[in-house]
Structure formats: C-alpha cells, structure tokens
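# Coordinate inspection notes
Each chain, letter by letter, is given below.
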There are 2 protein chains.
Amino acid sequence: MPAYKAPVDETLFLINDVFGLERYGNLPGFADATPDLVAAILEEGAKLTEETIAPINLSGDQEGCTRHEDGSVTTPKGFKEAYDLYTEGGWISVSADPEYGGQGLPHTLTVILNEYMGSANLSFSMYPGLSQGAYAAIHAHGTDEQKRAYLPKIVAGEWTGTMNLTEPHCGTDLGLIRTKAVPEADGSYKISGTKIFISAGEHDLSKNIVHLVLARIEGAPEGTAGISLFIVPKFLPDANGDAGARNGVSCGSIEEKMGIHANSTCVMNYDEATGFLLGEANKGLRAMFTMMNHARLGVGVQGLALSEVAYQNAVTYARERLQGRALTGAKAPDKAADPIIVHPDVRRMLMTIRAINEAGRALVVWTSLQGDVADRSIDEKEAEAAEDHMALLTPVIKGVLTDLGFQNAVMAQQVYGGHGFIAEWGMEQFVRDARIPMIYEGANGIQALDLVGRKLGANGGRAIMAFFKQVGRFLKENAGNAELAPMLKSLEAGRADLEKAAMWFMQNALTRPDNAGAGSTDFMHLFGLVALGLMWGKMARVALDKKGSGDRADAFYDAKLVTARFFFERLMPETRAHLARIEAGADSLMALPAEAF
Amino acid sequence: MPAYKAPVDETLFLINDVFGLERYGNLPGFADATPDLVAAILEEGAKLTEETIAPINLSGDQEGCTRHEDGSVTTPKGFKEAYDLYTEGGWISVSADPEYGGQGLPHTLTVILNEYMGSANLSFSMYPGLSQGAYAAIHAHGTDEQKRAYLPKIVAGEWTGTMNLTEPHCGTDLGLIRTKAVPEADGSYKISGTKIFISAGEHDLSKNIVHLVLARIEGAPEGTAGISLFIVPKFLPDANGDAGARNGVSCGSIEEKMGIHANSTCVMNYDEATGFLLGEANKGLRAMFTMMNHARLGVGVQGLALSEVAYQNAVTYARERLQGRALTGAKAPDKAADPIIVHPDVRRMLMTIRAINEAGRALVVWTSLQGDVADRSIDEKEAEAAEDHMALLTPVIKGVLTDLGFQNAVMAQQVYGGHGFIAEWGMEQFVRDARIPMIYEGANGIQALDLVGRKLGANGGRAIMAFFKQVGRFLKENAGNAELAPMLKSLEAGRADLEKAAMWFMQNALTRPDNAGAGSTDFMHLFGLVALGLMWGKMARVALDKKGSGDRADAFYDAKLVTARFFFERLMPETRAHLARIEAGADSLMALPAEAF
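If you're wondering where the values come from, they're calculated on a predicted model, not measured in any experiment. (Residues numbered from 1 in each chain as written. Chains lettered and ligands numbered in written order. Predicted model: local features only at pLDDT ≥ 70, side-chain atom pairs only at ≥ 80, totals over all residues. Heavy atoms only, no water.)

## Thoughts on the overall build of chain A
Assigned secondary structure in chain A consists of 18 helices and 11 strands. Based on the C-alpha atoms only, the size of chain A along its principal axes is roughly 80 × 60 × 60 Å. Sorting the 597 residues of chain A into buried and exposed places 64% on the buried side. The contacts in chain A between residues at least 6 apart in sequence include a share of 73% that link residues at least 24 apart. Counting every atom, chain A has about 20900 Å² of accessible surface; 52% of that belongs to carbon and sulfur. One finds the centroid of the 55 positive side-chain charges in chain A at a distance of 5 Å from the centroid of its 74 negative side-chain charges. (Helix = DSSP H or I, 4+ residues; strand = E, 2+ residues; numbered from the N terminus. Buried < 20%, exposed > 50% of the residue type's maximum accessible area, 1.4 Å probe, protein only. Contact = heavy atoms within 4.5 Å. Areas by Shrake-Rupley, 256 points an atom, 1.4 Å probe, with all protein chains shown as cover. Lys, Arg positive; Asp, Glu negative; His and termini not counted. Charge placed at Lys NZ, Arg CZ, Asp CG, Glu CD.)

Written as structure tokens, this is what we have:
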C-alpha cells in the first residue's frame with residue numbers, strides 16, 4: 001500500500017523563508033498566525049492526513065460508494081469515522097469567518113492543508129472541499145439570515161455542500177441550463193430539473209447537504225443573463241435551525257467513473273424542491289464566478305497533491321527495487337543488483353516531478369497569499385494588485401498544475417514498471433484520480449481561453465505587465481550573482497519567449513480571434529514555465545542565502561540548488577517550442593472542414 | 001458505446017501509393033499479395049474487427065476475467081465466440097509459414113491487421129498476439145519435431161501461446177531469474193518456479209496453451225549467461241499430437257490491474273512441470289531477443305491502435321456536442337450552440353492525434369516491410385540494410401508510439417470533458433488500456449537505452465548513418481519543390497538537431513555513460529519526430545503528385561497536406577527542446593544522493 005508524508009518542512013520553507021508570512025502581519029487574522037502556531041497547525045494536519053485519511057485511500061477506491069434503492073448513498077468503510085475526526089479537529093473552520101464559528105486564520109493555511117488532504121485521499125478531501133465552496137458562496141452572496149442559517153452548520157462540518165452546475169446537454173456553456181425555478185408566494189422557489197456530475201451530491205457523512213443550484217427563473221432572459229443561483233438544502237432547516245423536512249431533491253444514480261471512486265458523483269433530480277435565491281436574480285453566474293478563483297486554485301492544488309504523493313512512493317520504490325547495474329559500475333556490489341535510483345533515466349523522471357512539485361507548491365503559496373491580501377487588505381491599491389495577480393495566475397495554476405500533475409503521476413507510475421499497472425501498489429489509482437482535475441471546474445482548454453481571452457487583456461494588460469515587472473525586478477536584483485547566473489539566463493530566455501507570445505497575440509489575435517484560441521493552451525503552459533521558473537529563482541536565492549546558516553542541514557539547501565538547476569536546464573527550454581506553436585497561428589488548425597476529420 | 005472503423009483506405013494509401021508494395025514482388029509470398037488480394041483481406045479484417053471484436057470491448061472491460069477455484073479462467077461474454085470466428089477466418093495464419101498451415105503472405109499484413117485488432121479490442125487481440133510470439137520463437141529455434149508438434153496447432157488457433165519472463169523480483173533484469181529446470185533422463189526438464197504478469201496465461205479460448213518459459217538449468221552459470229528457454233504446454237501432446245495429460249503448471253491468481261481487464265494477466269505456478277528445451281541451453285535470452293523486434297514493433301502498433309480508435313470517437317463527439325459559439329461568430333445559428341469542433345483548441349487536440357497517427361502508421365508499414373525484407377530477401381546486402389533499419393527503428397516505434405499513443409488517448413478523452421471520465425462513454429478505457437504498452441515488452445526507458453546504448457553505435461553507427469542518408473536523399477530529391485519547401489525546412493532542422501544529439505553522445509557519453517542514460521529518452525523522442533517527419537514528407541509528396549489524378553477525391557490529398565503542415569509547424573519544433581535537454585547532460589540528474597530525493 002502506498003504511503004504519504006505531508007511535506008511540512010517544505011511548506012514552512014516557503015511560508016517563512018521564501019515569502020515571509022510575517023510581512024503580511026497587518027492583515028486581519030495574520031497576526032494570530034505566528035510561526036509557531038502555523039507550524040503546530042501544519043504538524044497536526046499532517047498527522048491527521050498521514051494516520052487517518054491516507055490509510056483509507058486505496059480501500060476507498062476499491063470499495064467505492066454504494067447507492068441504495070431509497071436513493072441514499074454509503075461512503076466506503078472508514079470514511080464516516082475519518083470525517084468525524086476531521087470535523088472534531090475543526091479543520092473546516094481554519095480560515096472561516098469567526099462570526100460563524102471560524103478561526104479566521106489566513107486562507108493560505110486552508111489551501112496548504114488541502115494539498116495534504118488531496119495527497120492523502122483525493123476522494124475524501126472533496127467532501128469538505130465542496131463545503132468550502134458552498135461556504136464561500138453563501139458568505140459572499142447570502143443575506144444575513146441565510147448566513148446565520150447555513151454557515152455555522154457548514155463551518156462545524158455538520159452540514160456539507162455541493163455545487164450543481166452541469167446538466168446532460170450543458171457543461172462549459174452554462175447559458176444552456178434548463179433547470180427551472182418557479183417563484184412561490186413566500187419568496188421561495190420550486191426547483192425542477194436534472195443535474196449531473198454532482199460531487200458529494202449524496203452521502204452519509206453529514207446530517208444535511210446544502211446544494212447550490214444554478215437554475216433559470218421562469219420567464220428569465222435566454223442564455224447566461226437568465227441564470228440564478230439557489231440554495232436547496234436536502235433537509236429544510238426547522239424552527240431550531242436543525243435539519244427538518246425532507247426536500248424534493250434526490251440522487252438518481254451514481255456514476256461509474258475512471259477514478260475518485262470513493263467520492264459519490266451523483267445524478268441529482270430536483271422535483272419541485274424548495275430553493276432560496278442566493279444573491280440577485282439572473283446574476284447567478286456572476287455569483288459563481290466570484291468563487292471560481294478559489295475553487296480553481298483548489299483544483300490546481302489537487303494536481304500538485306497527486307503529483308507529490310506519487311513522487312514520494314516512486315522514490316521509495318526506486319530506492320528499494322533492485323534491478324540492473326549502474327552504467328558506471330555496480331553501486332551495491334553486495335546485492336544481486338543495484339537499486340534503480342542509480343539509473344539516470346529513473347532520476348530524470350524523479351527530478352522532473354520534484355522540480356515541478358516544489359515550484360508548483362511555491363506558486364500556490366505565493367498566489368494564495370495574494371488571495372488573502374485581495375480579500376483582507378484595507379489598502380485598495382494593494383488589494384487591486386493582489387486581485388490582479390490572483391485572477392491572472394489562477395487559470396495558470398489550475399491548468400498547468402493539473403496537466404503536469406497527471407503527467408507526473410504517470411511518470412511516477414512508470415518508475416514501478418509492471419507493478420505500476422497493478423492495483424495493489426496504488427500507483428494506478430493516483431493516475432486515475434489525477435485525471436479528473438484536468439477536466440472539472442472548467443476543462444483545461446477553458447482555463448487557457450480564460451487566460452488568453454479574458455485575463456491577458458483585462459484593464460489594458462495591467463496584470464500581465466505587473467507580472468513581467470516582478471520577473472524583471474527579480475532578475476535585476478540578482479544580476480550580479482555568479483551562482484545564479486546560468487539560472488537567470490534561462491529565466492530571462494523564458495520571459496522573453498512569454499513576452500514575444502503576448503506580443504504576437506496583440507498583433508495577430510485581435511483581428512483574428514482563432515489565433516488566440518489556437519495558441520491558448522501553449523500560452524498557458526509557457527506562462528506556467530516562466531512562473532515556475534520565477535519560483536525556482538526565488539527559492540534558489542533563499543537557499544544560497546541560508547546555506548550555512550544552521551537553520552537546517554545544508555543538504556536541504558543543496559537539494560534546492562540542484563533541483564533549480566535541473567529545472568532551468570531541462571524544463572525551461574520547452575518555452576521555445578510553445579512559442580513556435582503559438583506563432584504558427586490558426587491556419588493549419590482551421591483549414592480542414594469538419595467532415596474531413 | 002464507442003465505435004470503430006478500420007482505416008483501410010489509409011492503409012492502402014501507404015501500401016500502394018507511398019511504399020509501393022509491388023516493388024517487393026521478388027520476395028517469397030509477396031507475389032501473391034496483389035493489390036486486389038491485399039484490399040480484400042484488409043476489408044475482411046476490418047469487417048471482423050468492426051462487427052465482432054469491437055462490440056465486446058467495453059463489456060469485456062467491465063466484466064473482466066474470472067478465475068475459478070480450480071485455477072481455470074473464464075474470459076468475458078462473447079470472447080470465445082469471437083475467438084472461434086477469428087480462427088475459423090484463418091487470421092492467425094495470414095503470414096505464417098505454409099509448411100505449418102500458414103498462408104505465407106507478407107508479415108506486414110499481419111502487422112496491419114494487428115492495428116485494427118488492437119483498436120477494436122486490445123485485450124482480445126492479445127490472445128492471438130501472444131500466439132504469434134510463441135509461433136515465432138518455435139519457428140526460429142525449434143527442432144523439426146517441435147515445429148511439427150506445435151506450429152500447426154498454433155497456426156490453426158487450436159492452441160495459444162504465452163511468454164513467461166517476469167518473476168516477482170525480476171523484470172528488466174532477466175539475469176535474476178530463479179525458476180529452475182532439472183534435467184530428466186528422457187531429455188525433458190522439470191520446471192519449477194513462479195512467473196508473474198503472464199498475459200493470456202490461462203483462459204477458455206483454446207484447447208491448449210503453449211507456455212514459453214525462461215528458466216535456469218541446475219548448475220548453469222550465474223546471470224544472463226545461464227538462462228534457457230523452454231516449451232511447457234498446459235497439456236502434454238499425446239501420441240496423436242492432441243492435448244493429452246495435464247502438466248504441472250497452473251494459474252495461481254489473476255492480477256487486478258488498471259486496464260486490459262479482459263485479458264487474463266496471471267501468476268503462473270510451475271511445479272515440476274514437464275518442459276522441453278527450445279534452442280540451445282543457456283542461450284535462452286538470445287532466443288528471446290531474436291523475436292524481440294517483432295514483439296516490440298507489435299506493442300508500438302498497440303499504441304497507434306488505441307490512439308486511432310480514441311481519435312475516431314473524439315471526432316464524432318466533437319462534431320455532435322453542441323457547446324459555446326465559435327470565436328468568429330456562430331457557425332450553427334439554428335442550433336442552441338455550435339458543435340465543439342469549431343473551437344481551435346479542440347482542433348489542436350484532434351490535429352495533434354491525427355498527425356501522429358497517420359505518420360505513425362506510415363512508420364510502422366515502412367518498418368514492417370523492412371522486416372519482411374530482412375526475413376525473406378536472398379540478397380544479403382539488402383537483408384542486412386533492412387535488418388539495420390528494423391533494429392534501429394524498433395525501439396523508436398515501441399517507445400514513441402506508445403508514449404504518444406497514451407498522450408493522444410488522454411487528449412481524445414479531454415475532448416469529451418466530464419463525459420470522458422465516465423465509464424459508459426468508453427474513452428477512459430482507452431486511456432487505461434493505452435497505459436500498458438508503455439510498460440510491457442521492455443518499459444520505454446529500456447527502449448531508449450537500447451536505442452542509445454546498443455543500436456546507435458552498432459557496426460560503427462551503420463544503421464543511423466543509413467537513416468540520415470535516407471532523410472538527406474529525400475530532402476535532396478525534393479529540394480526544388482516550392483510547395484514542400486516550408487515542410488522540408490522543418491524536417492531539415494529536425495534532422496540537424498538529431499545529428500547534433502548523436503554527435504553529442506559520441507563526444508560526451510563514451511567517457512561518461514551517464515550522459516547517454518540521461519539523454520536517452522529525449523533522444524528516442526527526437527528520433528521519433530524526425531522519423532515521423534520523414535513519413536510526413538513522403539506522404540505530402542505523394543499527395544501532391546496524386547492530387548487531381550482522380551484515384552481518390554482530392555479532399556483526401558488536401559487533408560494529407562494540411563496535416564503535414566500542422567505536423568511540421570506544431571510538432572517538429574519540439575526537437576530543439578529535446579536537444580537542449582540532451583546537451584544538458586547528466587550532472588543535475590546525478591548530483592543528489594539517493595537519500596536526498
């Protein structure tokens with residue numbers, strides 16, 4: 001069975017040494033987040049994920065969820081007990097609003113803990129993960145009464161949440177939604193329709209499930225301008241605020257799918273269910289989009305999470321599996337063969353994953369901190385810049401970390417040879433589970449289009465220019481550093497490719513939008529490489545500074561410097577190929593008539 | 001449920017127009033392979049795969065194989081009937097030796113039919129596929145008596161075959177094999193040991209199963225120099241040559257695995273089973289290796305096969321799924337949304353798969369024809385050159401077409417959005433099934449090492465120099481062609497990168513072997529791109545020549561030219577990144593101590 005160890009020290013290196021959490025001390029809730037408290041929280045979270053949640057990952061995959069004839073759903077063995085421990089530990093409430101029972105700590109901590117949870121057991125992590133989404137939506141758009149009715153229950157973990165967007169004929173294109181809402185005399189609505197792919201739609205972990213449902217109020221305008229968001233609880237709150245009468249919503253079936261078997265992915269049937277408008281009528285999509293950055297960042301973290309746990313297990317296997325001899329002569333002559341970690345091609349795979357994970361985690365922490373600034377800073381200029389950063393980097397993190405996370409899981413599986421294909425080793429589950437983050441919460445092609453079509457040009461390109469400035473400033477500040485020089489040269493080349501790509505869109509995509517669409521995925525990955533490169537630059541700089549300081553064994557910093565070098569030598573050169581594809585434009589893509597495919 | 005249509009016309013284009021099968025007419029068996037006969041065989045094979053074998057692919061995956069308490073194994077519903085139709089049609093015998101009941105036709109036809117079979121149902125195709133392997137081994141190394149005893153039964157499909165190499169502690173490194181063979185007075189051996197990952201190890205399709213087993217004769221030298229190959233039939237042939245007494249070999253369990261659920265992957269227990277030495281004692285590995293090229297080429301074809309069927313279904317979905325509007329304005333204004341094939345990013349995915357599949361198929365056909373020349377030509381010089389080609393290109397085809405085949409299946413799945421993750425749509429099965437060809441028959445890292453460590457330098461680099469000459473000749477012959485010029489420029493750049501890489505190994509890997517290992521996978525993929533590029537060059541040239549000839553609708557040739565352009569603009573630029581990684585060398589890979597990972 002695979003194992004998992006939460007990378008707490010890696011996280012602390014980022015929080016304390018690279019990004020300096022104490023610099024954010026003026027934000028609400030950050031003053032409480034002392035280094036000691038943060039370390040203690042992460043250690044406790046690590047313990048829970050390692051000892052309670054990871055051990056039911058493989059068994060959960062094999063057992064799956066069971067829907068009973070009455071429409072109820074049972075989660076796999078051990079999930080209910082683990083969920084109870086999770087809620088008793090207060091893990092849902094870490095960064096929630098103290099007014100509703102939360103601890104008010106930085107949201108960044110929740111993001112980090114979500115990485116650990118996702119590594120340990122992606123299926124399990126989705127149940128509270130969806131509660132976080134419902135919490136955010138109601139917190140942002142609910143009336144005071146709605147907040148008081150739902151948030152304390154969600155924060156306590158007594159009730160969980162879901163997001164209901166997709167219908168059979170309607171995924172990305174939410175304007176096609178048919179689920180209808182009929183106004184009642186008391187201000188509520190009767191919701192009717194069918195939603196599919198509803199994660200955690202029905203289960204036995206909580207006393208109630210709060211469904212957030214996109215629907216069309218009768219007579220609303222066509223398309224996206226006529227979509228509203230509703231709260232549809234499985235049980236209607238009674239006079240005491242507890243789960244009361246059963247509402248007209250039920251799970252029609254659970255999907256047979258490639259992975260995340262322990263999460264119940266439901267077809268949800270709404271049959272004149274009582275719903276309550278959340279936010280303004282016909283502004284449902286806007287309400288959804290305000291939460292989208294957090295949700296998409298969270299999915300990017302899932303890609304990182306699976307890549308990390310797959311990496312850890314591949315390393316263990318590579319150290320233990322004896323097969324063949326090193327090209328340079330036996331390294332373990334006393335044994336029948338050398339451990340396969342002596343082989344350069346095995347190391348190529350491990351170093352690739354490692355280089356992406358460590359920089360990916362840095363990018364996530366950096367961006368989450370910006371998210372906290374955007375949400376909590378009272379300095380408008382600072383909040384605006386942070387919001388720009390968050391909006392620009394979110395599709396990059398979601399698209400790039402999930403694409404690479406999947407590739408990395410596949411690579412880690414490859415280290416196992418034939419054993420990687422066998423269920424009991426657990427690697428093939430990581431691959432199957434890592435496939436879904438590339439798809440849900442906006443398929444990665446949609447992330448790329450969001451980046452190129454919406455984020456790049458927003459406010460006259462303000463966000464991307466600020467990003468270029470950050471890279472430029474870093475390069476300038478470290479220009480004289482001989483040890484960093486080859487890395488900076490590589491980063492500089494990557495930045496130049498990214499700038500050329502952005503310029504090419506300016507010159508070629510405004511008049512011909514297909515040129516933007518044709519280059520969008522390559523642009524997203526090109527951007528990702530430069531952003532990850534900036535993270536490696538920052539980490540390498542700190543590693544150089546801290547080496548010999550005695551804070552940690554120097555081996556920690558040496559490993560950072562080697563991995564940084566690997567990244568710049570081996571992964572950054574890909575920017576050129578991305579640029580070449582972008583500059584090739586749309587012609588060869590659009591030339592064939594549909595029937596010629 | 002996914003559908004499949006065998007690409008017969010694509011194959012005929014390659015056989016007749018690009019590679020001119022008639023030019024091989026002097027080889028034994030080729031004179032019979034008239035264009036009409038070949039077309040008829042492929043049409044019949046297409047019909048069988050489309051109507052009989054593809055329809056049991058999804059159900060076979062869901063049902064899987066069942067091992068019963070007595071060790072017997074049942075294949076999924078419909079497999080036995082399909083296998084009977086397959087053998088009655090004489091499909092195993094197409095290119096087999098007429099002396100043993102074969103039709104003696106080009107082996108290339110078998111390779112092509114294996115593509116269709118693999119697309120339709122990879123699990124199913126493996127049962128007769130392993131028989132082909134056993135046939136080849138016994139045909140090459142058996143005594144006349146052994147050939148007469150086993151080959152007619154295998155060719156008729158009455159008996160099937162298996163290959164038994166892997167043991168729990170021993171995959172790539174076959175020198176570690178422990179299965180032992182004890183000589184008996186009658187010249188036979190008693191075989192004892194455990195083999196794992198034995199595809200088609202036990203099933204209900206045939207009357208007998210002929211296991212080929214690597215084992216160590218008692219007292220043999222250590223390591224690979226002490227391995228012998230044995231024939232161990234499930235039932236010993238009786239006096240009439242039929243399946244007689246039960247032998248001491250049985251299936252201990254079947255593996256739970258990621259994909260190919262309908263193929264029984266067995267743990268095989270040998271308990272003093274009677275075995276017959278095949279070929280010379282202690283030369284078992286050499287005997288295995290002589291078949292390896294055919295087997296590895298066959299696995300490369302599996303990558304192509306899954307990529308092709310995944311592509312076909314993604315195209316259908318992209319034409320039918322209505323979602324969003326084209327960036328350039330509505331293309332289906334009468335409908336609620338446009339089909340997603342209007343979106344450039346969807347086309348990027350489809351064009352990528354298509355560009356790889358068509359060139360991959362060309363590379364397979366070209367190389368298979370060289371394999372036929374190597375096996376059948378009486379001109380020694382010609383046979384040697386063909387053997388060089390086959391030996392050099394085989395690891396490229398195996399490694400590159402299976403890596404890309406998997407990536408393509410993932411991309412095709414991505415076109416489906418959320419539906420791609422749901423079992424009933426069938427796309428996730430293609431992804432799971434496409435994962436194993438990257439691993440078995442030598443994991444792709446081993447292919448890369450075989451290419452760089454063994455094939456590149458063999459006979460003073462004769463094979464690679466011949467390959468470079470072929471590319472050079474093609475470039476020279478077409479130098480004046482204005483329509484091909486941009487493509488040739490791209491091919492030339494790719495060739496230059498490949499030459500630089502080969503040169504870099506010459507200068508840097510002889511003194512430091514880790515530099516070869518560190519660049520091997522990139523070299524394999526760089527080689528693959530240049531080889532696929534040569535194929536696109538040849539196909540584009542033929543398309544230009546044939547356009548307007550009336551042989552086919554011009555749309556066929558137009559599509560070839562557009563796809564060729566796409567390949568050279570979008571896929572070939574990757575060669576530069578591969579070269580950069582190769583030239584980075586082994587330093588950053590080998591620097592970390594194993595415990596620092």
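## Overview of the relation of the copies chain A and chain B
Screw-axis analysis of chain A against chain B gives a translation of 0.0 Å along the axis, an RMSD of 0.0 Å, and a rotation angle of 180°. Here the transformation between the copies is reduced to the relation of a two-fold axis. In terms of C-alpha distance to the rotation axis, chain A has alanine 577 of chain A as its closest residue, with the C-alpha 3.4 Å off the axis. A share of 100% of the interface residues of chain A reappears at the interface of chain B, consistent with the copies meeting face to face through the same patch. (Least-squares fit on C-alpha atoms with pLDDT ≥ 70 in both.)

## Considerations on the nonpolar core
Membership of the largest hydrophobic core comes to 411 residues, with the highest contact counts inside it found for Phe523 and Phe527 of chain A together with Phe523 and Phe527 of chain B. Excluding residues that lie within four positions of it along the chain, phenylalanine 527 of chain B makes contacts with Leu392, Leu393, Val396, Leu451, Ile464, Phe467 and Leu498 of chain B. (Core = buried A, V, L, I, M, F, W, Y, C linked by side-chain atoms within 4.5 Å.)

## Details of the environment of isoleucine 422 of chain A
Along the polypeptide, isoleucine 422 of chain A turns up in the loop between α10 (380-415) and α11 (427-435). When residues no more than four places from it in sequence are discounted, the contact partners of isoleucine 422 of chain A are Glu428 of chain A together with Phe197, Glu255, Glu256 and Lys257 of chain B.

## Considerations on the packing of aromatic side chains
All names here are of chain B. Under the counting rule described, the total for this entry stands at 37 aromatic pairs over all chains. Taken together, a centroid distance of 6.5 Å and an interplanar angle of 10° make the contact between phenylalanine 19 and tryptophan 366 stacked. Remark: tryptophan 366 occurs in helix α9 (residues 344-376) and phenylalanine 19 occurs in the loop between α1 (8-18) and α2 (35-53); sequence separation between them is 347 residues. Accessibility expressed as a relative area gives 5% for tryptophan 366, which makes it buried. (Phe/Tyr/Trp six-rings, centres within 6.5 Å; stacked < 30°, edge-to-face > 60°.)

## A look at the pattern of salt bridges
As enumerated under the stated definition, the model contains 74 salt bridges over all chains in all. Taking the shortest distance from any N to any O, the salt bridge between aspartate 338 of chain B and arginine 325 of chain B comes out at 2.8 Å. Residue aspartate 338 of chain B is located in the loop between α8 (284-320) and α9, and its partner arginine 325 of chain B is located in the loop between α8 and α9; the two are separated by 13 residues in the primary sequence. According to the relative accessible area criterion, aspartate 338 of chain B is buried, its value standing at 0%. Note that arginine 454 of chain B is salt-bridged to aspartate 450 of chain B, the shortest N-O span being 3.0 Å. Of this pair, arginine 454 of chain B and aspartate 450 of chain B both sit in helix α12 (residues 444-455), separated by 4 residues, roughly a single helical turn. Assessed through its relative accessible area of 51%, arginine 454 of chain B is described here as exposed. Take aspartate 450 of chain B: its relative accessible area is 5%, and that puts it in the buried class. Several salt bridges share partner residues, and in doing so they unite Asp522, Arg570, Glu574 and Arg581 of chain A together with Asp522, Arg570, Glu574 and Arg581 of chain B into one network. (Salt bridge = Lys/Arg side-chain N within 4 Å of Asp/Glu carboxyl O.)

## Focus on the interface of chain A and chain B
Contacts between the two partners involve 89 residues from chain A and, on the opposite side, 89 residues from chain B. When the two sides are added together, the surface that chain A and chain B hide from each other amounts to roughly 7700 Å², 60% of it contributed by carbon and sulfur. Among the residues of chain A in contact with chain B, Phe421, Arg570 and Phe597 of chain A are the three that bury the most area, contributing 12% of the side total. Where chain A packs against chain B, one counts 6 salt bridges. The salt bridge involving aspartate 587 of chain A is made with arginine 565 of chain B; its shortest N-O contact spans 3.5 Å. Considering only residue class, the side of chain A that touches chain B consists of 45 nonpolar, 20 polar and 24 charged. (Buried area = accessible area lost by both parts, 1.4 Å probe. Nonpolar A, V, L, I, M, F, W, Y, C, P; charged D, E, K, R; others polar.)

## Remarks on the environment of threonine 367 of chain A
Within the fold, threonine 367 of chain A resides in helix α9 (residues 344-376). Look past the residues within four positions of threonine 367 of chain A in its chain and what remains in contact with it is Leu297, His389, Met390, Leu393 and Ile397 of chain A.

## Section: unusual backbone geometry
The phi angle of most residues is negative, glycine excepted, and most peptide bonds adopt the trans form. Despite not being glycine, asparagine 459 of chain A shows a phi value in the positive range, around 50°. As for its position among the elements, asparagine 459 of chain A is in the loop between α12 (444-455) and α13 (462-477). When its relative accessible area of 53% is taken as the criterion, asparagine 459 of chain A is described as exposed. Of note in the backbone geometry, phenylalanine 197 of chain B takes a positive phi value of approximately 60° without being a glycine. Looking at the element boundaries, phenylalanine 197 of chain B is found in strand β5 (residues 189-199).

## Some details on the pairing of strand β11 (residues 265-278) of chain B
Side-chain positions along a regular strand alternate between the two faces of the sheet. Residues and elements named next belong to chain B. Within β11, 10 of the 14 residues are buried, which leaves it mostly tucked inside the rest of the structure. As judged from the 8 bridges shared by β5 and β11, these two strands associate in the antiparallel manner. For isoleucine 191, the partnering residue across the bridge sits in β11 and is alanine 273. Across 3 bridges, strand β7 (residues 227-233) lies against β11 in antiparallel orientation. Of the residues in β11, the one forming a bridge with isoleucine 231 is phenylalanine 276. Examined bridge by bridge, strand β10 (residues 249-254) and β11 share 5 bridges and lie antiparallel to one another. Among the inter-strand pairings, valine 249 is bridged to a residue of β11, identified as tyrosine 270. (Pairing = 2+ DSSP bridges.)

## Some words on the packing of α10 of chain A against helix α15 (residues 513-546) of chain A
Residues and elements named next belong to chain A. Two elements in contact, α10 and α15, have axes whose closest approach is 9 Å; the angle formed by their N-to-C orientations is 95°. Considering the angle they form, α10 stands roughly perpendicular to α15. Contacts from Leu392, Leu393, Pro395, Val396, Gly399, Val400, Asp403 and Leu404 of α10 reach α15 at Met524, His525, Phe527, Gly528, Ala531 and Leu532. Looking at the contact of α10 with α15 residue by residue, the classes come out as 10 nonpolar, 3 polar and 1 charged. (Axes fitted to C-alpha atoms, helices over the stretch in contact; angles between N-to-C directions. Parallel < 35°, antiparallel > 145°, perpendicular 65-115°, else oblique.)

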